[in-house]
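# Structural characterization, general
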Amino acid sequence: MTRRAHRRISVLLAAALALLCLAAAPVTRAAPPKLDAKAWTVIDFRSGETLASHRPHRRLPMASTTKLMTAWLAMRKLPFNRKVRAVEYHGDPAESLMGLEPGQLVSVRDLLYGLMMLSGNDAAQTLAVAASGSVERFVAQMNGAARRMGLEDTHYENPIGLDGRRHYTSAADLATLGRTLMRDPRFRPIAGARVARLRSYSPPRVIETTDSFLTGYAWARGIKTGHTMKAGYVLASDGRRRATELVGAVIGAPTESARNAESARLLDYGFSLYDKEVPIRPGRPVTRVPVRYEDGELGLVSKRRVRIGVREDQDLELRVAVPERVEGPIRKGEPLGRATVTLDGERIATVPLLAAHAIAAPTVLDRLVAEPALPIVLLLALLSAILAVVVFVRRRHATRTRRRLQRAIRNRP
């Protein structure tokens, strides 16, 4: 072997060894980001598990994220289609308002859109009075609701978000409250609305959200911004990517742009922990079952797609409940079982499984071919029938002969 060939082989061996080492090395995830904010956290929407945080239980001013609890309580006390009269509200020139006129009739639905999209302080005040009769009573109920939810680092002095000595929350509580609200199917479209039509106005009024985080990121689903001089810039956020939904909370960012950017960095980190898995796809067989009297199998499919974000430390499992085998006739799309997707033992989805194609009823020939013992059984049954007939005939003949002999004996002189 020449020296050049020897050197070439050595280089190839070294490269192969490096690739093996790279493949064997554990994959390391990036460390959580350090945000320019006083406190923050990000949680898994599905489970509520905390993925990363910094000073999550520090009690801080919450500004207009207060309106999350205002919305939650109002939705439980007032029908969406009820019209209420706007109360008189005198705010500072810099306050966010919906622009209600005192005595104006407006639906609870439209007030909720104005509360969330425009952060209307007048909408918060009107909802509080309509729901509880007075602001003071409503605030007491807000604090009662916070205790029932387990928000131990939260206390309210008003339904708006104005700074107060005992008006505070924590990043952990804010994310928990945001998750609770986003699980309500009535609230979710309000929180994620970029444009809305207020139908109780005459003529109807079109409004656009003032949430720059929501308009700046296509994957954002809401939830609520806030800002006062004491609180700084606050954001409870919700986003969905990689079949994963996360809820974040950032309190005390220095500017609006920093609040948005830091919230995006926080959620980006959370999303990086997940890989999208699609254990069930429409039209693709989830499992197959043997078909009686046929050599092939019948694929069972789902009409629904199941997607789920999965972390490295989580166990995704697909379980099926189907017959051991099936027999025609079976029509295409006929339900024949179900599939259940679980993550760490928790059920994520259960879908019906349907026949991917039709199966005809088996013919006699199919049965004979598929079950070789059947002809023998039939032959034995036939022989048994013939033997039974022969025995019956012989017995009948013997009985008649005996009767003739008996008559002949009786008639002998």
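Here, the structure is the one placed above.
Everything in this summary refers to the structure shown in the same document. (Residues numbered from 1 in each chain as written. Predicted model: local features only at pLDDT ≥ 70, side-chain atom pairs only at ≥ 80, totals over all residues. Heavy atoms only, no water.)

### Observations concerning the overall build of the chain
Broken down by element type, the chain carries eleven helices and 16 strands. Counting every position in the chain, which comprises 413 residues, the buried fraction comes to 45%. Partitioning the intrachain contacts of the chain with sequence separation of at least 6 by distance along the chain shows that 63% fall at a separation of at least 24. Entry remark: accessible area of the chain is about 22,900 Å², with carbon and sulfur atoms responsible for 54%. (Helix = DSSP H or I, 4+ residues; strand = E, 2+ residues; numbered from the N terminus. Buried < 20%, exposed > 50% of the residue type's maximum accessible area, 1.4 Å probe, protein only. Contact = heavy atoms within 4.5 Å. Areas by Shrake-Rupley, 256 points an atom, 1.4 Å probe, with all protein chains shown as cover.)

### Considering a nonpolar patch on the surface
Residues L380, L382, L383, I386 and V390 make up a contiguous nonpolar surface patch of about 450 Å² in total accessible area. Following the sequence through the fold, V390 ends up in helix α11 (residues 373–411). (Patch = residues over 30% accessible without salt bridge, like charges linked within 9 Å, V, L, I, M, F, W, Y side chains within 5 Å. Salt bridge = Lys/Arg side-chain N within 4 Å of Asp/Glu carboxyl O.)

### Focus on helix α2 (residues 67–77)
Because each turn of an α-helix spans 3.6 residues, side chains separated by three or four positions end up pointing in the same direction. Here α2 lies mainly inside the structure; nine of its eleven residues are buried. By the burial criterion, the buried members of α2 are K67, L68, M69, T70, A71, W72, L73, A74 and M75. Contacts made by the buried residues of α2 are with α3 (108–117), α4 (121–132), α5 (135–148), α6 (171–182), β7 (220–228) and β8 (232–241).

### A word on the environment of L336
Along the chain, L336 falls in strand β15 (residues 335–343). Considering only alpha carbons, one finds L336 and P352, 16 residues apart in sequence, at a separation of 7.7 Å. Setting aside anything within four residues of it in sequence, one finds L336 in contact with L298, L300, A321, V322, P323, V326, I330, L353 and A355.

### A word on the nonpolar core
Counting residues in hydrophobic clusters, the biggest one holds 63 residues, and the most contacted among them are L68, M69, F187 and I223. In contact with M69, other than residues within four places in its own chain, are M142, A145, A146, M149, L151, Y156 and L177. (Core = buried A, V, L, I, M, F, W, Y, C linked by side-chain atoms within 4.5 Å.)

### Side note on the sheet that holds β15
Spatially, five strands are ordered β11-β12-β16-β15-β14 in an open sheet, and the strand pairing comes out antiparallel. Looking at the sheet topology across the chains shown, the edges are occupied by β11 (287–290) and β14 (316–321). On average, each strand axis in the sheet is inclined to that of its neighbour by 30°, with strand direction left out of account. Here strand β12 (residues 297–301) pairs with strand β16 (residues 346–355) via two bridges, running antiparallel. Its bridge partner lying in β16, V301 is registered against L354. (Pairing = 2+ DSSP bridges. Axes fitted to C-alpha atoms, helices over the stretch in contact; angles between N-to-C directions.)

### Some words on the pattern of salt bridges
One pass over the full model with this rule turns up 14 salt bridges. Measuring nitrogen to oxygen at the nearest pair gives 2.9 Å for the salt bridge that ties R46 to E346. Placement of the pair is R46 in the loop between β1 (39–44) and β2 (50–54) and E346 in strand β16, with a sequence separation of 300 residues. Take R46: its relative accessible area is 25%, and that puts it in the partly exposed class. Residue classification places E346 among the partly exposed positions, given a relative accessible area of 38%. Across the salt bridge formed by E262 and R265, the nearest N and O atoms sit 3.0 Å from each other.

### Section: unusual backbone geometry
That bond from S202 to P203 is cis: its omega, 0°, falls within 30 degrees of zero. Within the element layout of this structure, P203 appears in the loop between β5 (195–198) and β6 (205–208). The peptide bond linking G222 to I223 adopts the cis configuration, its omega dihedral lying at 25°. Here I223 lies in strand β7. Positive phi outside glycine occurs at A63, with the angle close to 55°. Checked against the element boundaries, A63 lands in the loop between β2 and α2. A positive phi angle, close to 55°, is found at D344, a residue other than glycine. Relative to the elements of secondary structure, D344 occurs in the loop between β15 and β16.

### Quick look at the layout of surface pockets
Volume-wise, the largest pocket comes out at about 480 Å³. Lining the largest pocket we find 21 residues, and of these S64, A94, S96, H227 and T228 sit closest to its centre. In terms of residues, the lining of the largest pocket owes the most to one element, β7, which gives five residues. Residues belonging to the lining of the largest pocket are distributed by class as follows: five nonpolar, eleven polar and five charged. Taken as a whole, the second largest pocket encloses approximately 320 Å³ of empty space. Grouping the constituent residues of the lining of the second largest pocket by class yields eight nonpolar, two polar and nine charged. (1 Å grid on protein atoms, 1.4 Å probe; cavity = no way out; pocket = protein on both sides within 12 Å on 5 of 7 lines; lining within 4 Å. Points joined across faces, edges and corners; volume = space filled by probe spheres on them. Nonpolar A, V, L, I, M, F, W, Y, C, P; charged D, E, K, R; others polar.)

### Re α4
The end-to-end C-alpha distance of α4, which contains twelve residues, comes to 17 Å, matching closely the 16 Å that a straight helix rising 1.5 Å per residue would cover. Most of α4 is tucked away: ten of the twelve residues are buried. N121, D122, A123, A124, Q125, T126, L127, A128, A131 and S132 are the residues of α4 that are buried. Buried residues along α4 sit against α2, β3 (83–85), α3 and α5. (Expected span 1.5 Å × (residues − 1).)

### Focus: empty space enclosed by the protein
It is the rolling of a water-molecule-sized probe over the atoms that shows where space remains empty. Counting across every chain of the model gives two cavities of 30 Å³ or more. Of the volumes computed, that of the largest cavity is approximately 50 Å³. What lines the largest cavity is simply M116, M117, I190, A191, T209, T210, D211, L214, I223, K224 and T225. Elements supplying a minimum of two residues to the lining of the largest cavity: α3, α7 (188–191) and β7. Here the lining of the largest cavity takes three residues from β7, the largest share from any one element. For the lining of the largest cavity, the per-class residue count stands at six nonpolar, three polar and two charged. For the second largest cavity, the calculated volume is near 40 Å³. Lining the second largest cavity are M62, T65, T66, L151, T154, Y156, T169, D173, L174 and L177. Taken together, the residues of the lining of the second largest cavity sort by class into five nonpolar, four polar and one charged.

In short, geometric facts, not functional conclusions.
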